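# Structural overview for review
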Amino acid sequence: MIIRSCFYYYYKQPHMKIKALGKQLNPKLYPSLGIMVLLTGTLGLQSSFAQEENSKKEVKPLLFKQQMVASESYETVGVYDVNKDGKPDIISGAFWYEAPEFQNRHFIGNVKRFGNGEYYDDLAHIPIDVNGDGNMDFATGGWDNQQMVWMENSGNNQEWKQHLIDQTGNVETARGWDVDNDGQVEIVPNNPGHPLKFYKLEKDAAGKATGKFTKIPVADKQGHGLGFGDVNGDKRGDFIISNGWVEAPQDPLKGKWIIHNEFELGTASVPILVVDVNKDGKNDLIVGQGHGYGLDWYEQKTDASGKKRTWAKHPIDPFVAQYHTMEWIDLDGDGEEELVTGKRYRAHNGRDPGEKDPLGVFYFKWNGESFTKHVISYGPYGVGKGAGVIFAIADLRGTGRKDIIVAGKDGLAIFYNEGTDY
């Protein structure tokens, strides 16, 4: 299937009605958004305005080719060379899929189901060689079993062994971030209602990974949502949780982390992105609502002293629900990062606002004033694709272009990036 991404443009005409996805929306409800206009695409929706603005700054969208890999309903995926043949493979749930066609699949091990069978205790995927044998393992975690574990790559096409890292509390998901800036990622679980901590892989005197982890406490409690990045410009990575940011000490392994309760982000995404959106030298936040409607960026502002900090909320897309995961990466090769995200399918098994809305995978491009929305996949179940909890972005074919690999309860798919030469 060939998909030419379509896009929306946020065009500020506060007295005009907003038309999006076939619905007339009252602009009074979204005064800072202005008007959302569908310019081009394959969905058959058209607008009769914003042509002048479009001609000023034409954006040629990327072309994507979709390949379904499996109908399994795991919600996480990773990409790395499992069998050391020099080619990137796809790993999701109980299987890994061999490059380059991704049609031959190999069994890793059974994954426990829970929640009326709709979830798996496999809500993270962090590639890491835990035991130093040269084979890439991965860390994952579960909500029901309340554990972080690592799966040992057998290296011989046999079943992978599971090893306990810690009994952490319910795992919403987890990420791998280099917290202490030593070149090795630490494992950071999002455990709503439980303490915030991270796990550092221990190494021996020769620098070889030992298969053991040390737990580092950060804060007494965290909510839904987690991010990592330098908030205050001191060159150290801070944590972002739903009710504030946690300032890193000079020594992140032994020092005291300090929480600043400067915002409330709701059921925030994982990750919460820490990036300088408007290029003013201060990092901002990009936050999706994982179990409701909304995608926003929070502009960091400081007073003349640089010490008093405030956050101005700007909507990116209030019309789509379950923006649970996202990445900030240069997708089109122009040297500027794009926001890649999508709607998670059946995030709470039909109980969240907007769960029955059409599915989609999107990328958003900053145009200097606002974000332009490009649609990679969109439609009802079976047409549009849900984004799951973790997706991967990697060059699967050696083209120099970044492809998007998306898992979810609606299956595993690849969106091959065909570029703009069409």
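As a further point, take the overall build of the protein. When you go through the protein residue by residue, the secondary structure sums to one helix and 35 strands. Counting across all 422 residues of the protein, residues that qualify as buried make up 56%. In the protein, once contacts between residues fewer than 6 apart in sequence are set aside, the share between residues at least 24 apart is 49%. Accessible surface computed for the protein: about 18300 Å², of which carbon and sulfur atoms make up 47%.

If you look at the biggest cluster of nonpolar residues, it comprises 20 residues, and the most contacted ones within it are Ile90, Tyr97, Phe102, Leu396, Ile405, Leu412 and Ile414. Those elements giving two or more residues to this core turn out to be strand S6 (63–70), strand S9 (95–97), strand S33 (392–394) and strand S35 (412–419). Ranked by residue count, the leading element in this core is S35, at three residues. In terms of nonpolar packing, the next biggest core, distinct from the first, is built from 18 residues, Ile126, Ile165, Ala174 and Ile390 among them.

This brings us to the side chain of Thr140. With respect to the helices, strands and loops of the structure, Thr140 is situated in strand S14 (residues 137–141). Polar contacts involving the side chain of Thr140 include one to the side chain of Asp122, which spans 2.7 Å. If sequence neighbours within four positions are ignored, Thr140 has contacts with Asp122, Leu123, Ala124, Gln147, Met148, Val149 and Met151.

What follows covers the side chain of His291. Position of His291 relative to the elements: it lies in the loop between strand S26 (284–288) and strand S27 (295–302). Looking at His291, the relative accessible area reads 9%, which means it is buried. Sequence-distant contacts of His291, that is, excluding residues within four places in its chain, are made with Glu172, His224, Thr267, Gln322, His324, Arg344, Ala347, His348, Asp352 and Pro353.

Moving on: the pattern of salt bridges. What the rule picks out here adds up to 20 salt bridges. For Asp234, the salt bridge goes to Arg236, with nearest N and O atoms at 3.3 Å. Put simply, Lys365 and Glu338 hold a salt bridge, and the shortest N to O gap is 2.6 Å. Here Glu338 lies in strand S30 (residues 338–343) and Lys365 lies in strand S31 (residues 359–366), a separation of 27 residues in the sequence. Of the two residues, Lys365 and Glu338, both sit in the buried class.

The predicted model of the protein averages 89 in pLDDT, with 86% of residues at 70 or higher. Within the model, pLDDT remains below 50 along residues 7–56, and this stretch shows 90 contacts once partners closer than five positions in the same chain are excluded.

Next up on the list: the environment of Ile258. By the element assignment, Ile258 lies in strand S24 (residues 258–260). Measuring from C-alpha to C-alpha, the distance between Ile258 and Glu247 comes to 5.0 Å, with 11 residues separating the pair along the chain. In this structure, Ile258 is in contact with Trp245, Val246 and Glu247, ignoring residues within four places of it in sequence.

It is worth spelling out the sheet that holds strand S15 (residues 147–152) at this point. Reading across from one edge, S13-S14-S15-S16 is the order of the four strands in this open sheet, with antiparallel pairing throughout. Of all the strands in the sheet, just strand S13 (126–128) and strand S16 (161–167) have a single pairing partner and so form its edges. Each strand axis lies, on average, 30° off the axis of its neighbour in the sheet, ignoring direction. Sheet topology places S15 next to S16; six bridges connect them, and they run antiparallel. Note on S16: the bridge partner recorded for Trp150 is His163.

Along the chain, the position of Ile187 falls in strand S18 (residues 186–190). When the C-alpha atoms of Ile187 and Lys200 are compared, they prove to be 6.8 Å apart, with 13 residues separating the residues in sequence. In this structure Ile187 touches Ile126, Ala139, Met148, Ile165, Arg175, Lys197, Phe198, Tyr199 and Phe213, once residues within four positions along its chain are discounted.

This part takes up unusual backbone geometry. Note the cis peptide between Ala99 and Pro100, where omega equals 5°. Note the cis peptide between Val270 and Pro271, where omega equals 10°. Positive phi is not limited to glycine here, since Phe102 has a value of about 65°. Residue placement: Phe102 occurs in the loop between S9 and strand S10 (105–107).

Let us now look at the sheet that holds strand S23 (residues 244–247). Taken together, the four strands give an open sheet; going across it, the order is S21-S22-S23-S24, and neighbouring strands pair in antiparallel fashion. Both edges of this open sheet fall to strand S21 (227–229) and S24, since each of them pairs with a single strand only. When strand polarity is set aside, the average angle formed by the axes of neighbouring strands in this sheet is 25°. When S23 meets S24, the two strands line up antiparallel, connected through three bridges. When the sheet's bridge partners are listed, Trp245 is paired in S24 with His260.

Thresholds, definitions, all that
Residues numbered from 1 in each chain as written. Predicted model: local features only at pLDDT ≥ 70, side-chain atom pairs only at ≥ 80, totals over all residues. Heavy atoms only, no water. Helix = DSSP H or I, 4+ residues; strand = E, 2+ residues; numbered from the N terminus. Buried < 20%, exposed > 50% of the residue type's maximum accessible area, 1.4 Å probe, protein only. Contact = heavy atoms within 4.5 Å. Areas by Shrake-Rupley, 256 points an atom, 1.4 Å probe, with all protein chains shown as cover. Core = buried A, V, L, I, M, F, W, Y, C linked by side-chain atoms within 4.5 Å. Polar contact = N/O pair within 3.5 Å; in protein donor to acceptor, adjacent residues only side chain to side chain. Salt bridge = Lys/Arg side-chain N within 4 Å of Asp/Glu carboxyl O. pLDDT = per-residue confidence, 0-100. Pairing = 2+ DSSP bridges. Axes fitted to C-alpha atoms, helices over the stretch in contact; angles between N-to-C directions.

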